[in-house]
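Chain residues, written in single-letter form:
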Amino acid sequence: MIAAAHPMQRPADARLLVISGHGGIVHAERSRLADFLKPGDLVVANDAATLPASLHGVHLPSGAAIEVRLAGRSSLAHEDLRFSAVLFGAGDWRTRTEDRPSPPPIAVGDRLALGPLVATVDGLLGHERLVALKFDGRADAVWAGIARQGRPIQYAYLDRALALWDVWAPIAALPVAFEAPSAGFALDWKFVGTLRGCGVEFATLTLAAGISSTGDPALDARLPFDEPYRIAVTSASAIHRAKARGGRIVAVGTTVVRALEHSRGRAGNGVANQRIDADTRLRVVDAILSGTHEPHESHYQLLRAFQRDEVLARAGAALEAAKYLTHEFGDSVLVFSQLVKLYDASCASSPLRVR
């Protein structure tokens, strides 16, 4: 597949590949997403806004340049200033992540100067690039410093430096994600209105989406890292109502699947620490709207909980043949779990061919 290099969230020509419950494949315009849903369904999206989580500065013991990519926290609390972070040596996003130099040797207690911020290495997390950090100072000052000093995490396939608004979906609320929950780029409030006009409900949750790549195969194998989440009582109630009436729960993105399956759809705070793959029995989610992913990525492994490998392989071949765009600004796939009905024609503007 071809990387989407231009940071546009909702291009008019964005495409959607749909995999039905029985393995049929449909090519459609992404703007027709509602055609594949039916009255009584519930669409659930992650409303986490994206932090400027790439911070450049100096490793004070050596004086070497360093980039810190914040990668996780244990909670969504404003006062929680302890992060896991992936470290790189000198350079920036213009160099492929896998080609970035390692950071200088890191020891517990090392101090990092990151613009107006100072952080201390609190622990080593089993890899030379992965550490625990604690920021000095009061929470308000630290968050303000991250806002001033940080840049959105990005990768070399993009054609320009990202601005923060490039990675905030229209539904974004609390800024806690380390990379954008980018499946939500397909949504805007006009689309939510279209859903409701079709009798499809909409709800949100908040999960601190982690990073998608570290550039190191051994570290990438540990992805996704643990991700804290919060599900409101209103959203949990909407899930319960949809299930009771026989509606389908459609997750917008892998982060929503992780939160809903970890919580079993119940309200409250938690930390999604499970790996979802072909061995996972889905208990809450019936379908996922996602970006397009390569088989080696953790996002693709999650899709294996929805469909057989043979079906996903056929879908991958169809994506390649039709030159779908991949990564966060690319095209989308809608995958229904096995034996789930594809759509109800009452929301479809014209007949849809399944093949």
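Residues numbered from 1 in each chain as written. Predicted model: local features only at pLDDT ≥ 70, side-chain atom pairs only at ≥ 80, totals over all residues. Heavy atoms only, no water.

Caption draft 1: Structural context of the overall build of the protein chain. Assigned secondary structure in the protein chain consists of seven helices and 19 strands. Since a compact globule built from 355 residues should have a radius of gyration of about 20 Å, the 20 Å found for the protein chain is in line with a globular shape. On the principal axes, the C-alpha backbone points of the protein chain span a range of 65 × 45 × 35 Å. Split into buried and exposed, the 355 residues of the protein chain put 56% on the buried side. For the protein chain, contacts bridging at least 24 residues in sequence account for 73% of all contacts bridging at least 6. Of the roughly 14,700 Å² of accessible surface on the protein chain, 54% is carried by carbon and sulfur atoms. (Helix = DSSP H or I, 4+ residues; strand = E, 2+ residues; numbered from the N terminus. Rg over C-alpha atoms; globule rule 2.2 N^0.38 Å. Buried < 20%, exposed > 50% of the residue type's maximum accessible area, 1.4 Å probe, protein only. Contact = heavy atoms within 4.5 Å. Areas by Shrake-Rupley, 256 points an atom, 1.4 Å probe, with all protein chains shown as cover.)

Caption draft 2: The packing of aromatic side chains, seen in detail. Enumeration according to the criterion identifies six aromatic pairs in this entry. Pairing Phe-83 with Trp-143 gives two aromatic rings, centres 5.9 Å apart and planes at 70°, and the pair type is edge-to-face. Of this pair, Phe-83 sits in strand 8 (residues 82–88) while Trp-143 sits in helix 1 (residues 139–149), and the two are 60 residues apart along the sequence. Judged by relative accessible area, Trp-143 falls into the buried class, the value being 15%. For the pair Tyr-155 and Tyr-157, a centre-to-centre distance of 6.2 Å together with 15° between the ring planes defines the contact as stacked. One aromatic cluster is present, built from ring pairs that chain together Phe-83, Phe-135, Trp-143 and Phe-178. Looking at Arg-15, its charged tip hangs above the ring of Tyr-324, at a distance of 4.3 Å from the centre. (Phe/Tyr/Trp six-rings, centres within 6.5 Å; stacked < 30°, edge-to-face > 60°. Lys NZ or Arg CZ within 6 Å of the ring centre and 35° of its normal.)

Caption draft 3: Here's a closer look at the pattern of salt bridges. Summed over the entire model, instances satisfying the criterion amount to 19 salt bridges. Here Arg-160 makes a salt bridge to Asp-159, at a shortest N to O gap of 2.9 Å. Owing to a relative accessible area of 40%, Arg-160 belongs among the partly exposed residues under this scheme. Taking the shortest distance from any N to any O, the salt bridge between Lys-243 and Asp-286 comes out at 3.3 Å. One end of the pair, Lys-243, is in helix 4 (residues 233–244); the other, Asp-286, is in the loop between strand 16 (268–272) and strand 17 (287–291), and 43 residues separate them in sequence. A relative accessible area of 35% places Lys-243 in the partly exposed class. Overall, Asp-286 belongs to the buried group, its relative accessible area being 14%. When salt bridges with common partners are traced through the structure, they connect Glu-67, Arg-69 and Arg-100 into a single cluster. (Salt bridge = Lys/Arg side-chain N within 4 Å of Asp/Glu carboxyl O.)

Caption draft 4: Representation of the sheet that holds strand 7 (residues 64–72) in the model. On the basis of which strands lie adjacent, the closed barrel formed by six strands has the order 6-7-8-11-10-9 and antiparallel pairing. Between one strand and the next, the sheet's axes are offset by a mean angle of 45°, whatever the strand orientation. Bridge count between strand 8 and strand 11 (residues 130–135): five bridges; the pairing is antiparallel. If you follow Ala-85 over to strand 11, its bridge partner there is Val-131. (Pairing = 2+ DSSP bridges. Axes fitted to C-alpha atoms, helices over the stretch in contact; angles between N-to-C directions.)

Caption draft 5: Quick look at the pairing of strand 6 (residues 54–59). Across six bridges, the pairing between strand 6 and strand 7 is antiparallel. Each bridged residue has a counterpart across the sheet, and for His-59 the counterpart in strand 7 is Ala-64. Between strand 6 and strand 7, which pair antiparallel one after the other, the connecting turn spans four residues, and Gly-63 there sits at a positive phi close to 75°. With two bridges joining them, strand 6 and strand 9 (residues 111–114) adopt antiparallel strand pairing. Residue pairing for strand 9: Val-58 is matched across the bridge by Ala-113.

Caption draft 6: Layout of a positive patch on the surface. Residues Arg-264, Arg-266, Arg-281 and Arg-283 make up a contiguous surface patch of positive charge. A residue is classified by how much of its surface remains accessible, and Arg-266, at 53% relative accessible area, is exposed. (Patch = residues over 30% accessible without salt bridge, like charges linked within 9 Å, V, L, I, M, F, W, Y side chains within 5 Å. Lys, Arg positive; Asp, Glu negative; His and termini not counted. Charge placed at Lys NZ, Arg CZ, Asp CG, Glu CD.)

Caption draft 7: Here's a closer look at the nonpolar core. One finds Val-68, Leu-70, Phe-135 and Ile-211 to be the most contacted residues of the largest nonpolar core, which totals 40 residues. Breaking this core down by element, the ones donating at least two residues are strand 7, strand 8, strand 9, strand 10 (117–127), strand 11, helix 1 and strand 12 (175–177). Leave out the neighbours within four places in its chain, and Ile-211 touches Leu-70, Ala-71, Val-86, Ile-153, Tyr-155, Phe-178, Glu-179, Leu-223 and Phe-225. Among the nonpolar cores identified, the runner-up in size contains 39 residues, and Leu-260, Val-284, Phe-306 and Leu-319 belong to it. (Core = buried A, V, L, I, M, F, W, Y, C linked by side-chain atoms within 4.5 Å.)

Caption draft 8: Local environment of the side chain of Ser-235. Among the secondary structure elements, Ser-235 is positioned in helix 4. Polar side-chain contacts of Ser-235 include one of 2.5 Å to the backbone oxygen of Thr-204. Once you skip the residues sitting within four places of it in the chain, Ser-235 turns out to touch Ala-203 and Thr-204. (Polar contact = N/O pair within 3.5 Å; in protein donor to acceptor, adjacent residues only side chain to side chain.)

Caption draft 9: Layout of the environment of Asp-110. Position of Asp-110 among the secondary structure elements: in the loop between strand 8 and strand 9. Here Asp-110 falls in the buried class, since its relative accessible area comes to 11%. A sequence separation of 48 residues divides Asp-110 from Ser-62, and the C-alpha atoms of the two residues are 9.6 Å apart. With near-sequence residues (within four places) excluded, Asp-110 lies in contact with His-59, Pro-61, Pro-105, Ala-119, Thr-120 and Val-121. A distance of 2.9 Å separates a polar side-chain atom of Asp-110 from the backbone nitrogen of Ala-107.

Everything listed here is a matter of geometry and, on its own, says nothing about what the molecule does.
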